[in-house]
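Read off the chains here:
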Amino acid sequence: MNQRLRFFLFFFAMLAIFAACQGEQPTAVSPQTEPTSRPTVIATAVAQPTEIVTAVPPTPQPQLTATAELATAVVTALPPPTTNRCLDDNAAAQPLPAARPAGWVYSEAGNLKLWEEGMTTAVTLTTSGDVQVGQRSLDGTLVAFVRTVPQETAELWVVSADGQNEWRLATVSLADYLAQAQEYVVDVQLYYTWLPQSHKLAYGLSPTLDALGSLPNEATTIVDADSGSTALLYAGGEVWSTQYSRDGRLAAVVVQDGLRIIDTTKGQVLHDLALPGSGSPDQTFVFSPDGRFLAAFATGGVAIIDTSSGSQTLVPLDYVTIGVGHGSVWPTIQWLPDGRSFLALISNMADVWGNPDVTFTVWQIDGVTQTAVSLHTFTGFPLSARFSANGSYLAFYKIASSQSNARELYMADLESGATMLYDQGQGVEFINWHPNGVNFVYRFGQQRPLLGSICGEPVEIPGPGTDIYQLYWQSNDQYIWYTGQPDNPDDYFNSEGDWTLLHGALNGEITELWRYRGLYPSY
């Protein structure tokens with residue numbers, strides 16, 4: 001048991017550094033318009049809302065791409081680069097699906113409420129006074145939540161978005177679990193998550209330790225919120241992590257002695273595989289978009305698993321894991337839209353912390369021909385690198401000096417290998433790619449985020465002079481976010497506060513959508 005706890009010591013130490021910097025709130029800056037000399041590539045298609053900024057300090061969870069370079073305080077940005085900020089003149093934003101209306105589920109006096117754009121009054125979902133948080137299904141029609149009544153029992157419930165048809169799905173005994181747990185387990189909670197593209201929930205028990213670290217998941221069950229039917233996903237034990245296919249039909253479960261592929265509709269183990277190198281809670285493994293393949297870094301290379309037959313092929317590939325203490329960071333995998341090949345980002349050395357000369361290589365691995373081709377090698381901090389949604393571009397920063405927090409933000413074209421110095425300064429931080437594949441968001445420390453482009457100057461994301469807690473794109477130039485402050489910042493998620501939901505546009509227009517008092521909201 002102590003062996004497993006040590007797996008997480010590094011991640012929690014790193015995340016304490018990460019949260020210390022991320023917890024600094026962006027300060028207000030005056031809105032500015034984009035220079036007319038080089039327009040930012042902006043498409044008219046509407047995007048699925050994507051969270052790009054989270055300035056609230058959440059409960060620490062392991063993040064494979066967290067970087068140790070965030071520990072240095074930042075103040076101001078250096079002058080922008082004088083290079084031409086256009087990597088690809090032909091860059092075009094990809095068509096994107098329509099977004100659902102802006103809306104939040106929040107708790108007010110222990111009752112869940114739901115508000116969406118167009119509503120004049122929030123819908124009251126529960127009236128029992130004992131619910132703190134809820135999760136909407138992807139289609140927005142159902143809300144799941146947990147009741148603890150009495151203290152020793154937890155119940156999983158679901159209710160329709162109109163407040164009707166409240167229904168209990170499961171009841172679990174917390175007391176029975178705690179009675180059999182180790183002495184360092186001080187609490188246990190019922191966790192749950194919606195499976196992708198479905199009305200099914202996976203739920204189980206999550207223990208809290210009186211120490212740093214974590215424990216493997218306990219038994220996890222899938223329940224259909226429409227019919228109430230259940231299926232056991234796995235029985236617990238040495239389960240370190242779970243990934244789901246995009247349609248929610250398959251689950252890949254990393255266990256200490258291998259990897260299991262499970263049919264979530266029946267809870268049936270389809271394939272029980274002895275994957276070399278598995279059993280690590282931070283190991284990289286990713287489903288292809290159509291669920292046909294599962295890719296995972298393993299001992300000696302990349303394993304490509306056919307999810308139908310269970311056959312696996314090891315594509316030989318040299319790589320290093322980046323380790324500190326008892327933890328490891330494995331290479332990154334991102335499938336390309338064609339569903340048959342994926343990109344892998346591999347550091348060329350294990351010593352990356354504070355090293356301005358570290359390099360990394362981007363490989364393309366074909367799942368059908370089972371071959372690996374080296375695309376390009378770049379000089380930069382590998383844990384900062386992020387692929388665009390379409391897999392065409394790469395963002396990363398280079399550490400200018402091991403003795404400072406000065407960084408250079410680069411964009412790379414993965415077809416040609418061309419790179420562009422886009423911006424530079426103290427603590428420049430890449431936040432996320434816009435779903436359209438050509439725009440991205442970054443910022444300098446506490447300053448307001450900037451919207452960049454593969455071919456265009458950055459545009460400051462305007463807003464009022466208050467803290468930005470979360471920001472979601474509704475389209476390529478329209479976004480929503482909320483601001484506010486809990487009554488007790490030391491107990492963020494259990495303290496009520498005053499919150500305001502706002503709608504913003506890149507032309508500087510800000511519209512207040514909804515104001516309420518309650519607990520921290522969820523999208």
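Student: Would you explain the overall build of the protein in this entry?
Tutor: Helix and strand counts for the protein come out as three helices and 38 strands. Surface accessibility of the protein: about 21600 Å² in total, with carbon and sulfur atoms responsible for 49%.

Student: Please explain the sheet that holds strand 27 (residues 386-387) as it appears in this structure.
Tutor: Hydrogen bonding along the main chain pairs the strands of a sheet, whether they run parallel or antiparallel. Strand order in the open sheet made by the four strands is 27-28-29-30, with antiparallel pairing throughout. The open sheet has two free edges, formed respectively by strand 27 and strand 30 (419-426), since each of these has just one partner strand. Across seven bridges, strand 29 (residues 406-413) lies against strand 30 in antiparallel orientation. Considered in strand 30, the bridge of Y410 is made with L421.

Student: Which parts of the structure should I look at to understand the packing of aromatic side chains?
Tutor: How two aromatic rings sit relative to each other is set out by the distance from centre to centre and by the angle between their planes. For the coordinates displayed, the defined rule picks out 21 aromatic pairs. Centroid distance F293 to W335: 6.2 Å. Interplanar angle 5 degrees. Geometry classified as stacked. Of the two residues, F293 is situated in strand 18 (residues 293-298) and W335 in strand 23 (residues 332-335); the sequence distance between them amounts to 42 residues. Each member of the pair, F293 as well as W335, is classed as buried. Ring centres 5.8 Å apart and planes at 45 degrees place the aromatic pair F360 and F378 in the tilted group. You can see F360 sitting in strand 25 (residues 359-366) and its partner F378 sitting in strand 26 (residues 371-379), a full 18 residues away along the chain.

Student: What exactly am I supposed to notice about the pattern of salt bridges here?
Tutor: Close approach of charged atoms allows side chains of opposite charge to pair. What the rule picks out here adds up to 15 salt bridges. Between E496 and R517 there is a salt bridge, with the nearest N and O atoms lying 3.9 Å from each other. Of this pair, E496 sits in the loop between strand 36 (478-486) and strand 37 (497-505) while R517 sits in strand 38 (residues 510-518), and the two are 21 residues apart along the sequence. Judged by relative accessible area, which is 27%, E496 ranks as partly exposed. Several salt bridges share partner residues, and in doing so they unite D487, E496, D498 and R517 into one network.

Student: Mind showing me how you'd approach the state of the cysteines here?
Tutor: As used here, a disulfide is simply a covalent bond connecting the sulfur atoms of two cysteines. Enumeration over the complete set of coordinates arrives at one disulfide. Covalently, C86 is tied to C455 through a disulfide, its sulfur atoms 1.9 Å apart. Where C86 bonds to C455 through sulfur, the torsion about that S-S bond is close to -95 degrees, and the disulfide is left-handed. Of this pair, C86 sits in the loop between strand 1 (51-54) and strand 2 (103-108) while C455 sits in the loop between strand 33 (450-453) and strand 34 (456-460), placing them 369 residues apart in sequence. For the pair C86 and C455, a shared accessibility class is recorded, and that class is buried.

Student: Even after reading the chapter, I still don't get the sheet that holds strand 18, so can you show me in this structure?
Tutor: An order of 17-18-19-20 is seen for the four strands of this open sheet, with the pairing classed as antiparallel. Of all the strands in the sheet, the pair left with one neighbour each is strand 17 (285-287) and strand 20 (312-316). Adjacent strand axes in the sheet meet at a mean angle of 20 degrees when their direction is disregarded.

Student: Quick question: what am I supposed to make of the nonpolar core here?
Tutor: What tends to happen in soluble globular proteins is that the nonpolar side chains get buried as a cluster. Membership of the largest hydrophobic core comes to 20 residues, with the highest contact counts inside it found for L156, L190, L201 and Y203. Elements that contribute at least two residues to this core include exactly strand 6 (142-148), strand 7 (153-160), strand 8 (167-173), helix 3 (174-180), strand 9 (185-194) and strand 10 (200-209). Among the elements that line this core, the one with the most residues is strand 9, at four residues.

Student: Explain the environment of S374 to me, please; I cannot follow it from the model alone.
Tutor: Note on placement: S374 falls in strand 26. Taking the relative accessible area as the measure of exposure, S374 reaches 38% and is therefore partly exposed. Spatially, the C-alpha atoms of S374 and V362 are 6.3 Å apart, while their sequence positions differ by twelve residues. Not counting residues up to four positions away in its chain, the partners in contact with S374 are T361, V362 and W363.

Student: Help me understand the pairing of strand 6, please; the structure alone is not making it clear to me.
Tutor: Within strand 6, six of the seven residues are buried, which leaves it mostly tucked inside the rest of the structure. From the end of strand 5 (residues 134-136) to the start of strand 6, which pair antiparallel, there are five residues, and G140 there has a positive phi angle of about 80 degrees. Examined bridge by bridge, strand 6 and strand 7 share seven bridges and lie antiparallel to one another. Directly across from R147, in strand 7, lies its bridge partner E155.

Student: In this structure, what is going on with the side chain of S137? I would like to understand it.
Tutor: Along the chain, the position of S137 falls in the loop between strand 5 and strand 6. Judged by relative accessible area, S137 falls into the buried class, the value being 0%. In terms of polar contacts, S137 uses its side chain to reach the side chain of D139, at 2.6 Å. The residues touching S137, leaving out its near neighbours within four places in the chain, are R100, L142, W194 and H199.

Student: What's the story with the pairing of strand 32 (residues 439-444) in this structure? I'm lost.
Tutor: In the case of a regular strand, side chains alternate between the two sheet surfaces. Among the six residues that make up strand 32, six are buried, leaving the element largely enclosed by the rest of the structure. Burial along strand 32 is two-sided: N439, V441 and R443 and F440, Y442 and F444, pointing in opposite directions, are all buried. Relative to strand 32, strand 31 (residues 428-433) runs antiparallel, the two sharing five bridges. Looking at the pairing, N432 lines up with V441 of strand 32. Between strand 31 and strand 32, which pair antiparallel and follow one another directly, the connecting turn spans five residues, one of which, G437, has a positive phi of 90 degrees. The pairing of strand 32 with strand 33 spans four bridges and is antiparallel. Across the sheet, the residue bridging to N439 is S453, located in strand 33. Two successive antiparallel strands, strand 32 and strand 33, enclose a turn made up of five residues, where G445 displays a positive phi of approximately 55 degrees.

Reading guide: rules and limits
Residues numbered from 1 in each chain as written. Predicted model: local features only at pLDDT ≥ 70, side-chain atom pairs only at ≥ 80, totals over all residues. Heavy atoms only, no water. Helix = DSSP H or I, 4+ residues; strand = E, 2+ residues; numbered from the N terminus. Areas by Shrake-Rupley, 256 points an atom, 1.4 Å probe, with all protein chains shown as cover. Pairing = 2+ DSSP bridges. Phe/Tyr/Trp six-rings, centres within 6.5 Å; stacked < 30°, edge-to-face > 60°. Buried < 20%, exposed > 50% of the residue type's maximum accessible area, 1.4 Å probe, protein only. Salt bridge = Lys/Arg side-chain N within 4 Å of Asp/Glu carboxyl O. Disulfide = S-S within 2.5 Å. Axes fitted to C-alpha atoms, helices over the stretch in contact; angles between N-to-C directions. Core = buried A, V, L, I, M, F, W, Y, C linked by side-chain atoms within 4.5 Å. Contact = heavy atoms within 4.5 Å. Polar contact = N/O pair within 3.5 Å; in protein donor to acceptor, adjacent residues only side chain to side chain.

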